[in-house]
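Descriptive structure summary
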Amino acid sequence: MVDILRFLKGQRKIVALTAYDYSMAQILPDCGVDVLLVGDSLGMVVLGYNSTHFVTIEDMIRHTQAVMRGEAKASGSSLVVADMPIGTCDTPKSALKHCRRMVAETEVKAVKIEGNAEVCKVVIDSGIAVMGHTGLKPQTAQKMGICGKQTKEAQAIFDEAIALEKAGCFALVLECVPSSLAKRITEKLSIPTIGIGAGPDCDGQILVTHDILGLFTDFQPKFVKQYGNVRQSIEKAVRGFVGEVKSGVFPGDVHHS
Ligand code: KIV
């Protein structure tokens, strides 16, 4: 599955979405989603924190296990990638320990690391497939927003992308960089780039599933497009239940013996 992504570069766009639970992980592969990222964005959209900073390795393991169980039940198949949370990949030694634990406890085939090339290389050399991440790195960023508008910062992101490929990453997330920079990186690398807020020229696109479904409404970045309003569907269904329980319509004869 990791190799398929590399093969898809230049053939067709790669589609990635976040998944955090069993039910969603059963649905997305059957819709043609190539990659299910168990993102640390679960800190906001599932756990209700205001950043990814409070997400623990135990949170990520628990949710990755659920996604693995769901993906296995789907008719289609997707590559599940587990995001390594803040504080787990600060040094090569720590990254190795935590990535090994993630793989051992979830059987996930790949992890995503918001760390540098040196950290990624040690994990890759141990036999674990790593998706790199450059541009905006929410775990360590001083402020959220577009990165690489200034020449020096753009060059640092470009250099890091090359270093991450050299380290052996099988794909690279490019978050919140100008589309011209994402295009330059995508053309330079032989591994696929997966963009989020990085324009149309990346080899693939990823968004947070709760954002495209209209389920998470605390804030919406400019790069998000909402494709459905699941919140409205939930409200309609729940209001129906509330009304029928209060009026005594539910449970009907067929719902009990
Ligand atoms: O945690 C996450 O959801 C992510 C992506 C959106 C790239 O890292």
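In the block above lies the structure referred to throughout.
We now turn to the structure provided with this report. (Residues numbered from 1 in each chain as written. Predicted model: local features only at pLDDT ≥ 70, side-chain atom pairs only at ≥ 80, totals over all residues. Heavy atoms only, no water.)

Next up on the list: unusual backbone geometry. Phi is mostly negative for residues that are not glycine, and the peptide bonds are mostly trans. Residue F250 is joined to P251 through a cis peptide bond whose omega torsion reads -5°. Take P251: it is sitting in the segment after α10 (230-247). Of note in the backbone geometry, E107 takes a positive phi value of approximately 65° without being a glycine. Inspection of the secondary structure puts E107 in the loop between α5 (92-106) and β4 (110-112). (Helix = DSSP H or I, 4+ residues; strand = E, 2+ residues; numbered from the N terminus.)

Turning next to the pattern of salt bridges. Tallied over the full model, the rule gives ten salt bridges. Residue D83 is joined to K112 by a salt bridge in which the shortest nitrogen-to-oxygen separation is 2.9 Å. Of this pair, D83 sits in strand β3 (residues 79-83) while K112 sits in strand β4, and the two are 29 residues apart along the sequence. Each member of the pair, D83 as well as K112, carries the same accessibility label: buried. (Salt bridge = Lys/Arg side-chain N within 4 Å of Asp/Glu carboxyl O. Buried < 20%, exposed > 50% of the residue type's maximum accessible area, 1.4 Å probe, protein only.)

So, on to the site of the ligand. Residues in close proximity to the ligand include T18, L37, G39, D40, S41, D83, K112, H133, V173, I196 and V208, which together make up its full environment. Within the side chain of D83, a nitrogen or oxygen atom sits 3.2 Å from an oxygen atom of the ligand. Summarising the interface, the protein chains cover 94% of the accessible area of the ligand, which totals 260 Å² for the free molecule. A class-by-class count of the residues in the shell around the ligand yields four nonpolar, four polar and three charged. (Near = heavy atom within 4 Å. Polar contact = N/O pair within 3.5 Å; in protein donor to acceptor, adjacent residues only side chain to side chain. Areas by Shrake-Rupley, 256 points an atom, 1.4 Å probe, with all protein chains shown as cover. Nonpolar A, V, L, I, M, F, W, Y, C, P; charged D, E, K, R; others polar.)

Let's shift gears to the packing of aromatic side chains. Per the counting criterion, the structure on display carries three aromatic pairs. Here Y49 and F54 contribute two aromatic rings whose centre-to-centre distance is 5.2 Å and whose plane-to-plane angle is 45°, an arrangement assigned as tilted. Residue Y49 is classed as partly exposed on the basis of its relative accessible area of 35%. You can call F54 partly exposed: its relative accessible area is 44%. Over the face of the ring belonging to F158 we find R184, whose NZ or CZ atom lies 4.5 Å from the ring centre. (Phe/Tyr/Trp six-rings, centres within 6.5 Å; stacked < 30°, edge-to-face > 60°. Lys NZ or Arg CZ within 6 Å of the ring centre and 35° of its normal.)

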